[in-house]
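Summary of structural features
What follows is the residue order along each chain.
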Amino acid sequence: MTTTKNFKLSTLAIALAALGGASASGFALAQEEEASNDNNVEVIEIKGIRSSLTKALAEKRASSKLVEVIQSDDIGKLPDQNLAEVLENVTGVQITRTAGVGTAVQIRGTDENRVEINGVSTVGSGSGRGGISFEDLPAALISSVEVTKAPEAKTIEGSVGGTINLRTLRPLELTDTVFAVRGKVQNSDLDVDDNYSPILSGTFGDNWSTDNGEFGIVISASYAEQNVSAFRPRADRDGLVTTDQNYDADGRAGEPSDRIIGSAEDFDFLRIQFFNQDYDILDYETTNFSASFEWQPNDKLRLYVDALVNDQQRTQESTEIQFSGVSDIDVVDITTNTSFETVNFGSIDTPSGIINIPSIQAVTSGVLLPDAILASGLNPNIRTTTNTGARLTDSSVIRIGGEWTDDKYVLSAEYAVSQSDTVTPNFATRLDFINPNSAQPVLGGSVDNGTPVEFDLRGGTLQFGIAQGLATSPTTAQLLDPANYALSQAQQVRDLSENEETAFRSDFTYFLDGAIPFVSSIDVGYRYNESSTLNNDFNNSRVNLTSSSSEFDRPRASLFSNIVVPGSPNFNAADGRRLFVRDFLIINPGLSYSDPDAVAQAINSAIISASDDPNNPGETLGALVQDESAFFDISEETHALYAQANFESDILRGSVGLRYVTTELTSIGLVENNGSFEQLVETGDYDFVLPRLNLVADINSDVVLRASLGRDINRPDFDNLSTSTQFTVNANAPVVAGNPNLVPEDIWSVDLAVEYYFAPSSVLSAGVFYKKRKDLFIPFTEDPPGNVVDGVLNIDITAPCEDGGIFNPVADRNINNPSPGEGICVPFQSTFNGNGDTTQKGIELAFQYDLAGFEDDLGWASGFGVIANYTYQDASSGDDFRSFNSRGIAILEALGIAEEDAQDRVELQNLSKNAYNFTLFYEKYGISARARYTWRSAYIATDAFQFGLPRVNEARGQLNASINYDVNENLSFGLEGINITQSDAEQSCVNEGGLLCFQGLTDRRILVGASYRF
């Protein structure tokens, strides 16, 4: 504990005193002392959980707007390692996770929020508007977090849920020299190499009084490595087998006439469409540096410079074992299905009203046998794929400014630059396993062949693997023999993204000193910013060896065995599953990332060696060239003016004001015209007037009422404003096109809240909110019809796809059309402003209490405390609907629902109806411990669609806990567990509790560390 003199008693200090147990009379006395003697006030600085909670609660109470605050327990010690997980402590905030690690934040059910650092806008690594990624910035650099849910006129526009301001230490606010270092090691349960990753951070800060004024500096640095594993089994069951499904005899030896398909039952059911065993290993290496310098030459002038620099290297090794050709009609005919489950898809909200979908059976276990009929290929086949989807980001936030404070006014000016440059290299490869024990590929008939598959989806576990004990079952040695793998696809890409925002702002506050009744001051200000994003993708000529005629003699992996390695054998590590593919070969993903040229050379050499004409070998990997179709360069210029009156009386305080915003946009893209690309420029502009009111009533020393009314806008993501169209090689992936005619979303918000500070450092609060949103950004996908004939897909392969979708000239047709090759109609996706209004309403409840005041009665037990919050949200969507895809329509029609009713109203994504956090903490005798359980109900995901509709993330909870022990005032040791219970993340199709489609088998991480404060 340190005691420092000569600090003016601020509103925050008064609130701290009140929360610390001061009486109402003491509160009034403190105000009188502020007026009579500004130089005889003590500020008490302590550290620990209780201190951080007290300071955060005091700031919330003193604020004239609706905010939530989290303060660090000590230098570089927020409650969690990850900033997203830190924010999860806030009422009304939920997060989404990747492999159990927080990666995105929703405030009141939306990702459309702003992220600032010390009040400066940040830019992200992609083309979104949300700001810096929470993966890129460690919690160790941040001293506190402020979430503004109801903006003032001076608050920068551009969010739906709120603004997140990440604040660093301010040098001139330090009361003593700060020098602290921290070190941790982290281990992941699912790390196949069982590595221990280091996390290091340090902070130094001090200030000095000189003849030239007061100087202060804070320098922080951090370095962190992290290994995260994600196991994601996927089972598609959106194919339909009817009781009378026809098996066409045409071209099938031994079939004299058509008949009912062999796997038909006396009921319709959903069959297997696709299996995928996805294993992702993400390695993070993050280096951060921040520095703040402040100079106060006299009592009136303060100058500052802040800089934060980030270097994020996230490498990813994604391995997939795909069972393709599962939907081949000849495979379906001889499949042995052994058990079924009843699936209730729930209801759909159609233009005709709510329609309840009748239940249907879905297969849950059985064996898929390889066919020997060439009519539709030899299936089901095994493919092994690798992707090295890295993200390499260099970002920075720099601001320079000053503030002049006079008795009557405060004038400030600031110049800031936020930038982010990202490279995302990826080397994607695919091998086909050629089963030596099954019918062999035939020139002109099939380029691959079948392998038996056993599956068991019962009990909520999506497990599948190679069926054992059959004549066609491959052995382990065969599965690990490079001679049994053929090169199928390979392509290298390198995408570049450059984002920047340059801003200047000036703010002026004039104190009225009673000149206008109830109005204490007037704020006016101006802000100019220029935001820009440039996207430039590069790829090489793709190798696609899938033709059973011209590419039948493709190279086997024995010709490039130097770049082939066994895949990870531990897919059962997360849940001990019985069925999975343990033995398989892949092209080395680590080498593909570290030395892509060597991998490309090995692949090209193999293609040439396997070719009958080495001088004309066909497709090889060439040099990286620009993908003109993906290029866009978008810039915005925005001017904003605001005026705000701040008022204060004995009971009421707050602000009322207007913000005027005008923006000009220029979107540049490249479009193809007769084989060449030409520049296409689209321009636009808009302006908004944003009124904002915040009202606070201090009913008494314990009760605070809050109300707010405000308008804001949400600008479209930059890629949605692009004039370009992006093509991929996947025939199932949509071609995405931008829409430069999008207008910003318009949001009106109302908040009401009551806060009861019933005991020292304690609060019970309740609030309601309402949002009315217009012109939402709705992604729509138009699918080409499947044209299923006797169970075989026959999607259109001719432009211009009159019946739906868009022609993709580079997509591999795969099983979507009987004719092999490239070029097929694929789904078309773009974003449009929605019709009608969408409304959100919710309730937020919070409770905080500790037993420190009962030490005499409870002794050691007085160290306990509790923090809890609950959020309820509901939304009423606009008048936009999504159509089911062709397979979904076929299923609904079999259940008696007409094709015109195969639609569902578009709903808000990432919005959970119910969510809560419960934290139990203990702080006494040098022990500081906390355990937090977080739960959120199901919500609509942002992942790729199934059945033509978004997938649904099922309800999930997660338990994190930590304990620290202070050996003395300087040294402490700690232990932390993240996702202790290893809660799975499941996804269902169509509706919550519908058909289980995906499992996310998550990681548990343990951290051990120490800190030393000099």
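Preceding this paragraph is the structure being described.
Attention here is on the structure that accompanies the text.

How each quantity is defined
Residues take numbers from 1 onward in each chain, read along the sequence in its written order. Under the rules for a predicted model, residues below a pLDDT of 70 receive no local features and side-chain atom pairs below 80 are neither given nor counted, while totals for whole chains, interfaces and linings still include all residues. Only hydrogens and water are removed before side-chain values are computed, so all heavy atoms of the structure are retained for them. Numbering of helices and strands starts at the N terminus; helices are DSSP runs of H or I of at least 4 residues and strands are runs of E of at least 2. By definition here, a helix of n residues has an expected span of 1.5 Å times n minus one. We call a residue buried when its accessible area falls under 20% of the maximum for its residue type, exposed when it is over 50%, and partly exposed in between, using a 1.4 Å probe and counting protein chains only. In this analysis, two residues are considered to be in contact whenever any of their non-hydrogen atoms come within 4.5 Å of each other. When DSSP locates at least two bridges between a pair of strands, those strands are taken to pair. A pair of Phe, Tyr and Trp rings is counted when the ring centres sit within 6.5 Å of each other, with Trp represented by its six-membered ring. The angle between the planes then sorts it: under 30 degrees is stacked, over 60 is edge-to-face, the rest tilted. Two thresholds decide whether a charge sits over a ring: the Lys NZ or Arg CZ must be within 6 Å of the ring centre and within 35 degrees of the ring normal. Here the nonpolar core consists of buried residues drawn from Ala, Val, Leu, Ile, Met, Phe, Trp, Tyr and Cys, with membership extended through side-chain atoms lying within 4.5 Å. Every case where a carboxyl oxygen of Asp or Glu lies within 4 Å of a side-chain nitrogen of Lys or Arg is listed as a salt bridge. Exposure above 30% relative accessible area and the lack of any salt bridge qualify a residue for a patch; like charges then connect within 9 Å, and the nonpolar side chains Val, Leu, Ile, Met, Phe, Trp and Tyr within 5 Å. Here the accessible surface of atoms and residues is derived via Shrake-Rupley with a 1.4 Å probe, and residues count as covered only by protein chains that are part of the display. Here Asp and Glu are counted as negative and Lys and Arg as positive; His is not counted, and neither are the chain ends. Where a charge lies is defined by one atom per residue type: Lys uses NZ, Arg uses CZ, Asp uses CG and Glu uses CD. In this description, the term disulfide denotes a pair of cysteine sulfurs within 2.5 Å. What qualifies as a polar contact is a pair of N or O atoms within 3.5 Å, subject to a donor-acceptor requirement within protein and to the restriction that residues adjacent in sequence count only when both atoms come from side chains.

Taking 1.5 Å of rise per residue, 15 residues should cover 21 Å, and helix α8 (residues 596-610) covers 21 Å from first to last C-alpha, within 8% of that figure. Within α8, the full set of buried residues consists of P596, V599, A600, A602, I603, N604, A606, I607 and A610. The inward-facing, buried residues of α8 abut β25 (409-433), β28 (485-516), β30 (543-544), β32 (585-587) and α7 (589-594).

Next up on the list: the sheet that holds strand β38 (residues 725-726). The mixed open sheet is built from 4 strands, whose spatial order is β38-β39-β45-β42. Edge positions in the sheet fall to β38 and β42 (777-782), since each has one partner strand and no second. Sheet analysis places β38 next to strand β39 (residues 735-737), joined by 2 bridges and oriented antiparallel. Bridge assignment links Q726 to a residue of β39, and that residue is V736.

In this section: the packing of aromatic side chains. Aromatic ring pairs are defined here through the distance separating the ring centres and the angle between the ring planes. Throughout the structure, instances matching the rule amount to 28 aromatic pairs. Centroid distance F267 to F340: 5.1 Å. Interplanar angle 90°. Geometry classified as edge-to-face. One end of the pair, F267, is in the loop between β15 (259-260) and β16 (269-271); the other, F340, is in strand β19 (residues 336-343), with 73 residues separating them in the sequence. Take F267: its relative accessible area is 26%, and that puts it in the partly exposed class. A residue is classified by how much of its surface remains accessible, and F340, at 24% relative accessible area, is partly exposed. The structure contains a cluster of three or more aromatic residues connected by ring pairs, namely F179, F204, Y1012 and F1014. The ring of Y757 has R61 lying over it, and the distance from NZ or CZ to the ring centre is 4.6 Å. For K924, the ring lying beneath its charged end belongs to Y925, and the centroid distance is 5.3 Å.

Here the focus is the nonpolar core. Counting 48 residues, the largest nonpolar core has F275, F323, L487, F560 and I603 as its most contacted members. The contacts of L487, once residues within four sequence positions are left out, are R430, L431, V543, L545, R554, P555, F560, I587, I603 and I607. Core analysis: the second largest hydrophobic core is formed by 26 residues, I70, A84, V105 and L308 among them.

On to the pattern of salt bridges. This structure, assessed with the given rule, holds 55 salt bridges. Put simply, K65 and E152 hold a salt bridge, and the shortest N to O gap is 3.9 Å. With a gap of 87 residues between them, K65 in the loop between α3 (49-62) and β3 (67-71) and E152 in the loop between β8 (144-148) and β9 (163-167) connect regions that are remote in the sequence. Residue K65 is classed as buried on the basis of its relative accessible area of 16%. Here R170 ties to D306 by a salt bridge, and the two come within 3.2 Å at their closest N and O atoms. Of this pair, R170 sits in the loop between β9 and β10 (178-188) while D306 sits in strand β18 (residues 301-324), and the two are 136 residues apart along the sequence. Here R170 and D306 have matching classes, each one buried.

The amide bond that connects N379 to the next residue, P380, takes the cis arrangement and shows omega of -5°. Looking at the element boundaries, P380 is found in the loop between β22 (360-368) and β23 (381-387). Of note in the backbone geometry, N979 takes a positive phi value of approximately 55° without being a glycine. Position of N979 among the secondary structure elements: in the loop between β55 (971-978) and β56 (985-989). You will see that Q982, though not glycine, has its phi angle at about 50°, which is positive. Tracing the backbone shows Q982 in the loop between β55 and β56.

Together, D394, D421, E498, E500, E530, E637, E664, D685 and D687 give the surface a local cluster of negative charge. On the secondary structure map, E500 appears in strand β28. Taking relative accessible area as the criterion, E500 reaches 37% and is therefore assigned partly exposed.

On to the sheet that holds strand β6 (residues 114-117). Spatially, the 5 strands line up as an open sheet ordered β3-β8-β9-β6-β7, and their pairing is mixed. Each of the sheet's edge strands pairs with one partner strand only, and the pair in question is β3 and β7 (120-121). Strand direction decides the pairing type here: β6 and β7, joined by 2 bridges, are antiparallel. Looking across to β7, one finds that E116 is bridged to S121.

With that settled, the discussion passes to the state of the cysteines. Scanning all chains against the criterion turns up 2 disulfides. A sulfur-sulfur distance of 2.0 Å marks the disulfide that ties C801 to C825. In this structure the cystine formed by C801 and C825 twists about its S-S bond by roughly -95°; its chirality is therefore left-handed. Of this pair, C801 sits in the loop between β42 and β43 (806-812) while C825 sits in strand β44 (residues 822-826), placing them 24 residues apart in sequence. Residue classification places C825 among the buried residues on the basis of a relative accessible area of 1%. Here C989 is linked by a disulfide to C997, with a sulfur-sulfur distance of 1.8 Å. Exposure class is identical for C989 and C997. Each is buried. When the cysteines of the protein that form disulfides are numbered from the N-terminus onward, they connect as 1-2, 3-4.

Time to look at the side chain of E745. When you line up the elements, E745 lands in strand β40 (residues 745-756). A distance of 2.4 Å separates polar atoms of two side chains, one belonging to E745 and the other to R773.

We now examine the environment of Y757. Within the secondary structure, Y757 is located in the loop between β40 and β41 (763-774). Note on Y757: relative accessible area 3%, which makes it buried. Counting along the chain gives 700 residues from Y757 to L57, while the straight-line C-alpha distance between them is 9.4 Å. Within the structure, Y757 has its side chain in polar contact with the side chain of E755 (distance 2.7 Å).

A few words now on the pairing of strand β12 (residues 213-236). As defined by bridge partners, strand β11 (residues 196-210) adjoins β12 across 12 bridges and the pair is classed as antiparallel. When the bridges of β12 are listed, G205 appears paired with V218. Counted along the chain from β11 to the antiparallel partner β12, the turn is 2 residues long. One ladder, built from 23 bridges, connects β12 with strand β17 (residues 274-296); its direction is antiparallel.

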